[in-house]
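Okay, here's what each chain looks like letter by letter:
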Amino acid sequence: MRWTTTRFDIDLSKPQVMGIVNVTPDSFSDGGRWDSPAAALRHCEQLIQRGAQLLDIGGESTRPGSPALPLEEELARVLPVVRGALALGVPVSVDTYKPEVMQAVLDLGADIINDVWALRREGALKVVAAHARCGVCLMHMHRDPQTMQVAPMAGDVVVPVMDFLRERTAALASAGVETGRIVLDPGIGFGKTVAQNFSLLARQRELLALDLPLLAGWSRKSSLGAVTGRDQPADRVSASVAAALLAVERGASVVRVHDVRETVDALAIWQAARAAT
């Protein structure tokens, strides 16, 4: 299985590690650490040195309760970093839901649009559909970042998440976007309870029935803290690595992580064990 993107056909026969680059002052885990273009690009280089195969650059926090960011501010944060990251030799994803930002980064040559709204915002699908090759990650989110954890989903979430991702995939197909460009994200932490998030992990193989690659984003999430008692996101590295490994074991093709070196090392052991059987 491969993921078609602007500049790269990404081989998903082995799990891919996507390094998170938050150019924000307020992201839940590392807000403010990389909020200048120079610092963000140094971080991009470090993530690649540590083994990241993709970069995911975001200028607006989507943590629970986060306020929306004005368009011009997001563009000012993201464009210089994307411009520099495109010279680093790996696929560059941009985490945004605004069609204007999508258009601007695709015009620069960005490879992937990673959208927590799954291209539901007006104009977003049109931008992606008009591009010849860009990859896209469609994520399930219940409600919106401001309210998703105030009133999370009720009951079993696996079937509703599957139904949503199936509907969004069909919408892209109707707009002419080839399925080889699409990866799906069940949206861990986006409007789900702790139990529901772990249900999605336990039953993740059911999502493979959608016949598209999966991206798992567990890194430092609050559900890991709820289980381990680690209140600070930076203390959830071991839990994040364990969740990433379990997600890959259950069929995820891409894991989106803060802690690249630790995740890469864990996956190397997993792959060595698989090869020895």
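Everything here concerns the structure above.
Conventions adopted
- Residues numbered from 1 in each chain as written.
- Predicted model: local features only at pLDDT ≥ 70, side-chain atom pairs only at ≥ 80, totals over all residues.
- Heavy atoms only, no water.
- Pairing = 2+ DSSP bridges.
- Helix = DSSP H or I, 4+ residues; strand = E, 2+ residues; numbered from the N terminus.
- Buried < 20%, exposed > 50% of the residue type's maximum accessible area, 1.4 Å probe, protein only.
- Arc of directions from axis to C-beta.
- Expected span 1.5 Å × (residues − 1).
- Bend = angle between axes of the 7 residues up to and from the residue.
- Core = buried A, V, L, I, M, F, W, Y, C linked by side-chain atoms within 4.5 Å.
- Contact = heavy atoms within 4.5 Å.
- Salt bridge = Lys/Arg side-chain N within 4 Å of Asp/Glu carboxyl O.
- Phe/Tyr/Trp six-rings, centres within 6.5 Å; stacked < 30°, edge-to-face > 60°.
- Lys NZ or Arg CZ within 6 Å of the ring centre and 35° of its normal.
- Right-handed = clockwise from strand over helix to strand, strands pointing away.
- Axes fitted to C-alpha atoms, helices over the stretch in contact; angles between N-to-C directions.
- Parallel < 35°, antiparallel > 145°, perpendicular 65-115°, else oblique.
- Left-handed = near helix turned anticlockwise from the far one by under 90°.

Novice: I tried to follow the sheet that holds strand β3 (residues 16-22) on my own but got confused; where do I start?
Specialist: The strand order β8-β7-β6-β5-β4-β3-β10-β9 describes an open sheet built from eight strands, whose pairing is parallel. The strands lining the two open edges of the sheet, one partner per strand, are β8 (182-185) and β9 (215-216). Looking at chain direction, strand β6 (residues 112-115) and strand β7 (residues 135-139) are connected through four bridges and run parallel. Its bridge partner being in β7, Ile113 is matched across the sheet by Val136.

Novice: In this structure, what is going on with the pairing of strand β10 (residues 254-257)? I would like to understand it.
Specialist: A regular strand carries its side chains on alternate faces of the sheet. Neither face of β10 is left uncovered, since the one carrying Val254 and Arg256 and the one carrying Val255 and Val257 both have all their residues buried. Examined bridge by bridge, β3 and β10 share four bridges and lie parallel to one another. Within the sheet, the bridge partner assigned to Gln16 lies in β10 and is Val254. Sheet analysis places β9 next to β10, joined by two bridges and oriented parallel. Pairing of Leu215 across the sheet is with Val254, part of β10.

Novice: Looking at this structure, how should I read helix α6 (residues 194-202)?
Specialist: Restricting attention to buried positions, one finds in α6 the residues Gln196, Asn197, Leu200 and Leu201. What you see down the axis of α6 is that its buried residues fit within an arc of 145°, all on one side. Of the exposed residues in α6, those oriented more than 90 degrees away from the buried face are Ala195 and Ala202.

Novice: Looking at this structure, how should I read helix α2 (residues 71-85)?
Specialist: Because the α-helix completes a turn every 3.6 residues, residues three or four places apart line up on one side. Between its first and last C-alpha atoms α2 spans 21 Å; for 15 residues at 1.5 Å apiece the expected length is 21 Å, and the two agree. Largest kink in α2: about 30°, centred on Val78, with the proline Pro80 one to four residues after it. Those residues of α2 not exposed but buried are Glu74, Leu75, Arg77, Val78, Leu79, Val81, Val82 and Ala85.

Novice: Honestly, unusual backbone geometry in this entry has me stumped. Any pointers?
Specialist: One can expect most non-glycine residues to show negative phi and most peptide bonds to be in trans. Even without a glycine there, the phi angle at Asp211 is positive, about 65°. For Asp211, the location among the structural elements is in the loop between α7 (204-207) and β9.

Novice: What is the right way to look at the nonpolar core in this model?
Specialist: Soluble globular proteins: nonpolar side chains tend toward being buried together. By size, the foremost hydrophobic cluster in this structure holds 65 residues, and its most contacted members are Val82 and Val105. Val105 has contacts with Val78, Leu79, Val82, Val94, Ala110 and Ile113, leaving out every residue within four places of it along the chain.

Novice: How should the pattern of salt bridges be read in this particular structure?
Specialist: Two side chains of opposite charge can pair, provided their charged atoms sit close to one another. Taken as a whole, this structure holds 14 salt bridges when the rule is applied. For Lys98, the salt bridge goes to Glu60, with nearest N and O atoms at 2.4 Å. Taken as a pair, Lys98 in the loop between β5 (92-95) and α3 (99-108) and Glu60 in the loop between β4 (54-58) and α2 lie far apart in primary sequence, 38 residues in all. On the basis of relative accessibility, which here comes to 9%, the residue Lys98 falls in the buried class. Residue Glu74 pairs with Lys98 through a salt bridge whose shortest N-O separation is 2.7 Å. Taken together, the residues Glu74 in helix α2 and Lys98 in the loop between β5 and α3 connect sequence positions 24 residues apart. As far as the burial class goes, Glu74 and Lys98 line up, both buried.

Novice: I would appreciate a short explanation of the packing of aromatic side chains in the present structure.
Specialist: Any aromatic ring pair is given by two values, namely how distant the centres are and how the planes are angled relative to each other. In the structure shown here, the tally under the stated rule is one aromatic pair. Their ring planes at 45° and their centres at 5.0 Å tell us that Phe198 and Trp218 sit as a pair that is tilted. Here Phe198 is found in helix α6, whereas its partner Trp218 is found in the loop between β9 and α8 (222-228), with 20 residues between them in sequence. Residue classification places Phe198 among the partly exposed residues on the basis of a relative accessible area of 26%. Looking at Arg121, its charged tip hangs above the ring of Trp117, at a distance of 4.9 Å from the centre.

Novice: Looking at this model, I keep getting lost on the pairing of β6. Mind explaining?
Specialist: Along β6, one buried face is formed by Ile112 and Asn114 and the opposite face, lined by Ile113 and Asp115, is buried too. Bridge count between β5 and β6: three bridges; the pairing is parallel. Paired with Val94 across the strands is Ile113, a residue of β6. Regarding the hand of the β-α-β motif, the stretch spanning β5, α3 and β6 is right-handed. Each parallel crossover has a hand, and the one from β6 via helix α4 (residues 124-130) to β7 is right-handed.

Novice: I tried to follow the packing of α2 against α3 on my own but got confused; where do I start?
Specialist: For any two helices packed against each other, one specifies the inter-axial angle together with the distance between the axes. Here α2 crosses α3 at 20°, and the two axes come no closer than 10 Å. When the axes of α2 and α3 are compared, the pair comes out roughly parallel. For the pair α2 and α3, the sense of crossing is right-handed. For the pair α2 and α3, contact is made by Leu71, Glu74, Leu75, Val78, Leu79, Val82 and Arg83 and by Glu100, Val101, Ala104, Val105 and Leu108, respectively.

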